[in-house]
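# Inside the fold
Listed below, chain by chain, are the residues.
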Amino acid sequence: MSLRAFYCKIIPPPDENAVLPESELKHLFKVLRAKHGDVIILLDGQGKSAHALVNDKTNIVILRSENHPLRRLNLKLFVSPPRHSGMDTILSFCAETAVSEIIPIICENSVAVPRESGEKWRRKIIESCKQAKNPFFPLINDTVDFDAALQMAKDTDAFYGDPYESAAISSPLKKNKASWFVGPEGGFSIRE
């Protein structure tokens, strides 16, 4: 059976007690009904994970921990948020892949302007990273306009999809930083 993962902001050294947020404790003990002897995975979102032993509702002991190496590619996703819950799907996919930073952008043809707080999106990232057991939680930035997004991507290799262009991206990355632009449902404007 696969071990369940939980968020723990600070993972202590082996043989010490872990302190989980109240929401994680509730999920662990009230929803999943964890019991003495269960082993779980803890993730801090910064690249550290740990296996921990559940002794009781106030005692979760670290068995061993691991610092995962940083990814070689720093991938920024600049995305114009889609309508309804489409952004939740995008966040889930980002948590399962190598995306390190998500920047919502407003374009000329944007159909949705995000009203959700960054906290709602952060909770979605944490939940998705726990499911994928991804030790690195993507950073979610504040929403910016298209011109500001271009400035943020200026020191990276930048790519975007164009349904009217038949040429594929064939050149290798020149840097270890890349930006991927995903436009609105109406597509990028001519100016963009």
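Structure report, in brief. None of the values given here were measured: they were computed from a predicted structure. (Residues numbered from 1 in each chain as written. Predicted model: local features only at pLDDT ≥ 70, side-chain atom pairs only at ≥ 80, totals over all residues. Heavy atoms only, no water.)

## Some words on the state of the cysteines
By the definition in use, this model includes 0 disulfides. Of all cysteine sulfurs in the structure, the one in C94 sits closest to C107, which takes part in no disulfide; the separation is 16 Å. Since its relative accessible area comes to 7%, C107 is described here as buried. For the unlinked cysteine C129, the closest cysteine sulfur is that of C94, found at 9.4 Å. Classification of C129 as buried rests on a relative accessible area of 0%. (Disulfide = S-S within 2.5 Å. Buried < 20%, exposed > 50% of the residue type's maximum accessible area, 1.4 Å probe, protein only.)

## Let's talk about the pairing of strand 4 (residues 59-67)
As a general feature of sheets, a regular strand has side chains that alternate between the two faces. Where strand 3 (residues 48-56) meets strand 4, 8 bridges bridge the pair, whose relative direction is antiparallel. Across the sheet, residue D56 finds its bridge partner in strand 4, namely N59. Hairpin connection from strand 3 to strand 4: 2 residues lie between these consecutive antiparallel strands. (Pairing = 2+ DSSP bridges. Helix = DSSP H or I, 4+ residues; strand = E, 2+ residues; numbered from the N terminus.)

## Some points on the sheet that holds strand 2 (residues 39-43)
With respect to topology, 4 strands assemble into an open sheet ordered 1-2-3-4, the strand pairing being mixed. Each end of this open sheet is capped by a strand with a single partner; those strands are strand 1 (5-7) and strand 4. Within this sheet the neighbouring strands show an average axis-to-axis angle of 35 degrees, counted without direction. Strands in contact with helix 1 (residues 22-31) are strand 1, strand 2, strand 3 and strand 4; relative to strand 1, the strand with the most contacts, it is inclined by about 155 degrees. In the packing of helix 3 (residues 118-132) onto the sheet, contacts are made with strand 1 and strand 2, and the angle to strand 1 comes to roughly 150 degrees. (Axes fitted to C-alpha atoms, helices over the stretch in contact; angles between N-to-C directions. Contact = heavy atoms within 4.5 Å.)

## Section: helix 1
Listed in full, the buried residues belonging to helix 1 are E24, L25, L28 and F29. Viewed along the axis of helix 1, the buried residues span an arc of 105 degrees, placing them on a single side of the element. Of the exposed residues in helix 1, the ones pointing more than 90 degrees away from its buried face are E22, S23, K26, K30 and V31. If you follow the buried residues of helix 1, they end up packed against strand 1, strand 2, strand 3, strand 4 and helix 3. (Arc of directions from axis to C-beta.)

## With respect to helix 3
When the terminal C-alpha atoms of helix 3 are compared, their 21 Å separation across 15 residues agrees well with the 21 Å that a helix rising 1.5 Å per residue should span. Inspection of helix 3 places W121, I125, I126, S128, C129 and K130 among the buried residues, and these make up the whole buried set. Buried residues belonging to helix 3 abut strand 1, helix 1, strand 2, helix 2 (86-96), strand 6 (99-106) and strand 7 (139-140). Where helix 3 terminates, the next one or two residues include K133, which has phi positive at roughly 55 degrees. (Expected span 1.5 Å × (residues − 1).)

## Details of the pattern of salt bridges
Scanning the model with the defined rule gives 7 salt bridges in all. Its salt-bridge partner being K120, residue D88 comes within 3.5 Å of it at the nearest N-O pair. Remark: K120 occurs in helix 3 and D88 occurs in helix 2; sequence separation between them is 32 residues. The salt bridge partner of R191 is E108, with a shortest N-O separation of 2.6 Å. Separated by 83 residues along the polypeptide, R191 in the segment after strand 10 (177-182) and E108 in the loop between strand 6 and helix 3 bring together distant segments of the chain. For R191, a relative accessible area of 52% gives the class exposed. (Salt bridge = Lys/Arg side-chain N within 4 Å of Asp/Glu carboxyl O.)

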